[in-house]
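Single-letter residue listing:
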Amino acid sequence: IVGIVYASCIAIVQNDLKTLVAYSSIAHVGLMCAVIFSRTEQGLQGVLIQMFNHGINIIGMWVMVDIIERKLHTTKISELGGISKHAGNMAIAFVIICLSNIALPLTNGFIGEFLMFTGLYHYNGWMMFFAGLAVILGAVYILNMLQKVIFGNSNNLTQNITDLAIGEWITVIVIIGLIIFVGVYPEPMLQGISGITALFVH
């Protein structure tokens, strides 16, 4: 739990997209580890779902960062801004993926985190409280990054950015499709893992 809060605080002060995504991943994996040790059925269900979801979300984040780096040759947050004014489709895709990373309802991250925090609460309410700080801190660094990179004022570098190419679009649509599908209809995954988690708990 200390690692969750620590990694989130480090992510807040980062000026590089790659480093921010890396520390964000550490915080998410830390939460999964904490919930595994709680050994609650709901928590373990959330962990199994979230391992799958984290793979989708973190790949989506890396894909978007890679696209930005290839187009602008930088990942420095301070050098970016106003991308939405010149590459609307890229901005929409990046916002959706980022919102799934902070577990917005109707995205895939929500159901996993809800179950994990429920399981952690049943184990220890105080631990759930301190681990829950990661949700607030995650929203801080993700929304702050979006404000600076996607919105805000464009500059001499970002005003020449081009929107998503066909190949990039296909990759992004697959990722966003999984984010929305699992977020809206998680029942098949829940049914598939219920038997597995019962074995570990009982």
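Use the structure listed above.
Residues numbered from 1 in each chain as written. Predicted model: local features only at pLDDT ≥ 70, side-chain atom pairs only at ≥ 80, totals over all residues. Heavy atoms only, no water.

A. Inspection of unusual backbone geometry at higher detail. In this model, arginine 39 sits at a positive phi of 55 degrees, which is unusual for a non-glycine residue. Along the chain, the position of arginine 39 falls in the loop between helix 2 (17-38) and helix 3 (41-72). Here arginine 39 falls in the exposed class, since its relative accessible area comes to 53%. Phi angles above zero are rare outside glycine, and leucine 106 is one such case at about 75 degrees. Tracing the chain through its elements places leucine 106 in the loop between helix 4 (88-101) and helix 5 (108-123). (Helix = DSSP H or I, 4+ residues; strand = E, 2+ residues; numbered from the N terminus. Buried < 20%, exposed > 50% of the residue type's maximum accessible area, 1.4 Å probe, protein only.)

B. Spotlight on the packing of helix 3 against helix 4. One can describe the packing of helix 3 onto helix 4 by two numbers: an axis separation of 9 Å at closest approach and a directional angle of 145 degrees. In the packing of helix 3 onto helix 4, the handedness of the crossing is left-handed. Counted together, Asn57, Gly60, Met61, Met64, Ile67, Ile68 and Lys71 of helix 3 and Met90, Ala93, Phe94, Ile97, Cys98, Ser100 and Asn101 of helix 4 form the full contact between these two elements. (Axes fitted to C-alpha atoms, helices over the stretch in contact; angles between N-to-C directions. Left-handed = near helix turned anticlockwise from the far one by under 90°. Contact = heavy atoms within 4.5 Å.)

C. Representation of helix 4. Between the first and last C-alpha of helix 4 there are 20 Å, a value that for 14 residues agrees with the 20 Å anticipated at 1.5 Å per step. Looking at helix 4, one finds that the buried residues are Met90, Ala91, Ala93, Phe94, Ile97, Cys98, Ser100 and Asn101. As for helix 4, its buried residues are in contact with helix 2, helix 3, helix 5, helix 6 (125-149) and helix 7 (166-184). The first or second residue beyond helix 4 is alanine 103, which carries a positive phi of 60 degrees. (Expected span 1.5 Å × (residues − 1).)

D. The arrangement of the nonpolar core in detail. If you look at the biggest cluster of nonpolar residues, it comprises 35 residues, and the most contacted ones within it are Ile68, Ile83, Met90, Phe94, Ile142, Met145 and Val149. At the level of elements, helix 2, helix 3, helix 4, helix 6 and helix 7 are the ones that each hand at least two residues to this core. For this core, the element with the most residues is helix 3, which contributes 8 residues. The residues contacting isoleucine 83, other than those within four sequence positions of it, are Ile68, Leu72, Met90, Val149, Ile150, Thr158 and Ile161. Residues Val35, Met116, Leu120 and Ala131 belong to the second largest nonpolar core, which totals 10 residues. (Core = buried A, V, L, I, M, F, W, Y, C linked by side-chain atoms within 4.5 Å.)

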